[in-house]
Amino acid sequence: MKFVDRIDEAERLKDALTREKFSLVVMYGRRRLGKSTLIKRVLSDSDVYFLADRSEGQHQRTLLAKVVAQVFPDFDKLSYPDWESMFRAVNYRTDNRFTLCLDEFPYLVEQSPELPSVLQKLVDEKQLKYNLVLCGSSQNMMYGLFLDSTAPLYGRADEIMRLTPIRLPYIQEALNLNAMNAIEEYAVWGGVPRYWELRENRISLDDAMWHNILSVNGTLYEEPVKLFQDDVKDIVKTSTIMSYIGTGANRLSEIAARCNEPATNLSRPLKKLVDLGFLEKDVPFGIDEKNAKKSLYKIADPFMAFYYQFVVPNRSFIELDRRLPIDQALNAHFSEYVSMQWEKLCRDAVTGNLVNGVVYGKAKRWWGSVLNEDKKPEQVEFDVMAESLDKKYLLVGECKWTTQENGKLLTTELLRKANLLPFAKKYTIVPMLFLKNAPKGDSENVMLPEDVVELMK
């Protein structure tokens, strides 16, 4: 598959590795995001790349010595009793600066807990003649090793890069899609390049879903568990929480009731899942994010959202290879599912961007009760709401992932609801429709898939 994005990360890595003095570079992020691919694209033939596994320390040193021997002949003829002797031996053998990359670094630390202290000593001596790139998929462990103020390597890294999922426009480029198809594909695979590769090998989105996700032999059938293994201790509890949220329990009280646990017991695992990027807290526009009463928990990652909506509830059918019930679920709910992802993409597109000559801050949803024209309570909701940076304008948006809508009716209703909001009276209201297809009639205030993709570039 075509390599896309990661322009800033590649430049940072190249810059760090071409400095006159030693550089320690740290890269981390969840599995399948292309960390190893990015590093290998930047490294040269004179550099050393080593992928660690979970074998014991002496065996790892033997394997690393064989890799180093490709650059320094006969390096593997000696035995290295500890990590310090090995790193010093590499230093002794080189005159020209090169880079040593230790991928899945947390595996090495699991078997050799002394390794961070050894590296701290070598870094602090300022005698190393080669660069070090330390990479890992365990976000928890990498954070603890380099960003915890009590850790030996804290403050030693010259660059710390956390890779996150790739943005929407790049799936369009990588898979050569039109904007509408890019949004539907992104709703399933998210911004994970390895998933895109698996998709590229199949003839259609439907074929790829059945082959990779909705089959017991699918490469991604057990994917969430594999991701959780890197970062959470209680995988069963984590999967249970994700399942409940994925099937509609979004308030803390609802999640606690389904888990049959006090809400206080869930605050830590929920925060962990938010920190790891698997969950997000949805708080209405204008409300403090610490306000627990109003916040809803949603699955942040598109692939995970798809998995917990369509795979987990149908696992028994998948195990028995019964396609019909799953087909029915997809036919009934897939478009609705994509519409939820479309809403998030629209909010991301508005956030921090120039829309019709105005720059807006963070876009969020808004929901709540207001008094309508008859002075009666009415529940209203806005899919997108954002304040301009100059605080003069309030963009209010409606998102639809359906066939032809009546643009004039939608805009009229949007303005009606916006005028009921007490806090909106100090702004000039800017209505915006985010639609799958061009609407009937007037379309001045409309954004279509191609506009959203363009904004996100």
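Placed above this text is the structure.
Residues numbered from 1 in each chain as written. Predicted model: local features only at pLDDT ≥ 70, side-chain atom pairs only at ≥ 80, totals over all residues. Heavy atoms only, no water.

Novice: Mind showing me how you'd approach the overall build of the chain here?
Specialist: Helices and strands together make up the secondary structure of the chain, namely 20 helices and 14 strands. When the backbone C-alpha atoms are referred to their principal axes, the chain occupies close to 85 × 55 × 45 Å. Taken across its 457 residues, the chain has 52% of its residues classed as buried. Counted over contacts in the chain with a minimum sequence separation of 6, partners at least 24 positions apart contribute 65%. As presented, the chain carries roughly 22000 Å² of accessible surface, and 49% of it is formed by carbon and sulfur atoms. Between the averaged position of the 62 positive side-chain charges in the chain and that of its 65 negative side-chain charges there is a distance of 3 Å. (Helix = DSSP H or I, 4+ residues; strand = E, 2+ residues; numbered from the N terminus. Buried < 20%, exposed > 50% of the residue type's maximum accessible area, 1.4 Å probe, protein only. Contact = heavy atoms within 4.5 Å. Areas by Shrake-Rupley, 256 points an atom, 1.4 Å probe, with all protein chains shown as cover. Lys, Arg positive; Asp, Glu negative; His and termini not counted. Charge placed at Lys NZ, Arg CZ, Asp CG, Glu CD.)

Novice: Is there a simple way to think about the sheet that holds strand β11 (residues 377-387) in this case?
Specialist: If you trace the 5 strands from one edge of the open sheet to the other, you get β10-β11-β12-β13-β14, paired in mixed fashion. On the outer flanks of this sheet lie β10 (364-371) and β14 (446-447), each paired with one strand and no other. (Pairing = 2+ DSSP bridges.)

Novice: Is there a simple way to explain the layout of surface pockets in this structure?
Specialist: Empty pockets left among the atoms are what a rolling probe the size of a water molecule brings to light. What the second largest pocket holds in volume is close to 470 Å³. Looking at the second largest pocket, it is lined by 21 residues, and the ones nearest its centre are R32, L33, G34, K35 and T37. Among the elements of the structure, α2 (35-42) and α10 (193-200) are those that each provide at least two residues to the lining of the second largest pocket. Ranked by residue count, the leading element in the lining of the second largest pocket is α10, at 4 residues. Taken together, the residues of the lining of the second largest pocket break down into 8 nonpolar, 4 polar and 9 charged. (1 Å grid on protein atoms, 1.4 Å probe; cavity = no way out; pocket = protein on both sides within 12 Å on 5 of 7 lines; lining within 4 Å. Points joined across faces, edges and corners; volume = space filled by probe spheres on them. Nonpolar A, V, L, I, M, F, W, Y, C, P; charged D, E, K, R; others polar.)

Novice: Hey, could you run me through the environment of E197 in this one?
Specialist: Here E197 shows up in helix α10. There is a polar contact of 3.0 Å between the side chain of E197 and the side chain of R194. (Polar contact = N/O pair within 3.5 Å; in protein donor to acceptor, adjacent residues only side chain to side chain.)

Novice: I'm lost on the environment of L177 in this one. Help?
Specialist: Tracing the backbone through its elements, the reader meets L177 in the loop between α8 (168-175) and α9 (179-189). Classification of L177 by relative accessible area gives buried; the value is 17%. Not counting the four nearest positions on each side in its chain, L177 is found in contact with I171, Q172, A182 and E185.

Novice: Before we go on, may I ask you to explain helix α3 (residues 57-68) in this structure?
Specialist: For an α-helix the count is 3.6 residues per turn, leaving residues at separations of three or four pointing the same way. A rise of 1.5 Å per residue sets the reference length of α3, with its 12 residues, at 16 Å; its end C-alpha atoms lie 16 Å apart and thus fit the reference within 8%. The set of residues buried in α3 consists of G57, Q60, R61, L64, A65 and V68. One face of α3 carries all of its buried residues, which in axial projection span an arc of 140°. Contacts from the buried residues of α3 go to β2 (48-51), α4 (83-93), β3 (99-103) and α5 (105-111). The opening residue of α3 is E56, an N-cap whose side-chain oxygen sits 3.0 Å from the backbone nitrogen of Q58. (Expected span 1.5 Å × (residues − 1). Arc of directions from axis to C-beta.)

Novice: Where do I start with helix α1 (residues 7-17) in this structure?
Specialist: Of the positions making up α1, those classed as buried are E9, A10, L13, A16 and L17. End-on view of α1: buried residues confined to an arc of 130°, all on one side of the axis. Of the surrounding secondary structure, the elements contacted by the buried residues of α1 are β1 (24-28), α2, β3, β4 (131-136) and β5 (159-162).

Structural measurements only, silent on function.
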